[in-house]
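So you can see what is in the structure, the chains are spelled out below.
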Amino acid sequence: MRTVITYGTFDLLHVGHVNLLSRLRALGDRLIVGCSTDEFNEIKGKRTIYPYAQRVRILNAVRFVDKVIAEQCWEQKRDDVVREGAAVFAIGDDWAGRFDDLEDVCEVIYVPRTADVSTTEIRYLVNAMHADKLSELRVQVERLSDMVKRF
């Protein structure tokens, strides 16, 4: 059995995540996903929409994922690869070169990202839409306030 292992935050699960997990699962017979804990994300300076337990539940519902483990620190990857018997460590190519030090214990593969989609971009778009809605509401409140003053 060929085991593949990967890591990520997996917040706001989107088609890019699904494509990545599908590609990684196709590299082997078993896919293990290390999901960053809330505490580790805090160390990395990342804020998530969904807490860790919910992100794990979502990942467990994805048919390409066989097992989810907690990613608690950068240094754990080597131990996880060895403990899980992973033949492949694979991750998005935005991390290219970062994990080459694992090549002595497994094959390291950097998979191309899905074009035009990212969690950061989705978060930015949602925030922009939220700001637009707030702006619209402020205008409406001002109009209502003016109407009330006239009566």
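See the structure printed just above.
Below, the structure is looked at part by part.

1. Examining the nonpolar core
Here is step 1: Judged by nonpolar contacts, the single largest core of 17 residues is most densely connected at L21, L24, L31, V33, L59 and V65.
Here is step 2: Among the secondary structure elements, those contributing two or more residues to this core are α1 (15–26), β2 (30–36), α3 (52–61) and β4 (86–92).
Here is step 3: In contact with L31, other than residues within four places in its own chain, are V4, T6, L21, L24, R25, F64, V65, D66 and K67.

2. Focus: the environment of G16
Here is step 1: Tracing the backbone through its elements, the reader meets G16 in helix α1.
Here is step 2: Looking at G16, the relative accessible area reads 12%, which means it is buried.
Here is step 3: Expressed as a C-alpha distance, the spacing of G16 and A115, which sit 99 residues apart in the sequence, is 8.0 Å.

3. Details of helix α4 (residues 77–84)
Here is step 1: If you check which residues of α4 are buried, you get K77, D80, V81 and E84. Angularly, the buried residues of α4 cover 100 degrees about the axis, an arc narrow enough to put them on a single face. Away from its buried face, by an angle of more than 90 degrees, α4 presents the exposed residues D79, V82 and R83.

4. Some points on unusual backbone geometry
Here is step 1: Although it is not a glycine, F10 adopts a positive phi angle of roughly 55 degrees.
Here is step 2: Locating F10 in the fold gives a position in the loop between β1 (3–8) and α1.
Here is step 3: Positive phi values are uncommon outside glycine, yet L12 reaches one of about 50 degrees.
Here is step 4: The topology assignment puts L12 in the loop between β1 and α1.

5. Digging into the sheet that holds β4
Here is step 1: Strand order in the open sheet formed by five strands is β3-β2-β1-β4-β5, with parallel pairing between adjacent strands. Sheet topology places β3 (67–71) and β5 (107–111) at the edges, where each strand pairs with a single neighbour. The average angle at which neighbouring strand axes cross in this sheet is 25 degrees, direction not considered.
Here is step 2: One ladder, built from five bridges, connects β4 with β5; its direction is parallel. Bridging across to β5, G92 finds its partner in V111.

6. A few points about the environment of L24
Here is step 1: Its location among the elements puts L24 in helix α1.
Here is step 2: The exposure class of L24 is buried, given its relative accessible area of 0%.
Here is step 3: For the pair formed by L24 and V65, sequence separation is 41 residues and the distance between their alpha carbons is 9.4 Å.
Here is step 4: Excluding residues that lie within four positions of it along the chain, L24 makes contacts with V4, T6, L31, A90 and V111.

7. Looking at α3
Here is step 1: Residues R55, V56 and L59 constitute the buried set of α3. Angularly, the buried residues of α3 cover 100 degrees about the axis, an arc narrow enough to put them on a single face. Exposed and oriented more than 90 degrees from the buried face of α3 are A53, R57 and A61.
Here is step 2: Looking at the buried positions of α3, the neighbouring elements they touch are α1, β2, α2 (38–44) and β3.

8. Brief notes about the side chain of Q76
Here is step 1: In this fold, Q76 is placed in the loop between β3 and α4.
Here is step 2: A polar atom in the side chain of Q76 sits 2.5 Å from the backbone nitrogen of Q72.
Here is step 3: Apart from residues lying up to four places away in sequence, Q76 is in contact with Y7, A70 and E71.

Criteria and thresholds
Residues numbered from 1 in each chain as written. Predicted model: local features only at pLDDT ≥ 70, side-chain atom pairs only at ≥ 80, totals over all residues. Heavy atoms only, no water. Core = buried A, V, L, I, M, F, W, Y, C linked by side-chain atoms within 4.5 Å. Buried < 20%, exposed > 50% of the residue type's maximum accessible area, 1.4 Å probe, protein only. Helix = DSSP H or I, 4+ residues; strand = E, 2+ residues; numbered from the N terminus. Contact = heavy atoms within 4.5 Å. Arc of directions from axis to C-beta. Pairing = 2+ DSSP bridges. Axes fitted to C-alpha atoms, helices over the stretch in contact; angles between N-to-C directions. Polar contact = N/O pair within 3.5 Å; in protein donor to acceptor, adjacent residues only side chain to side chain.

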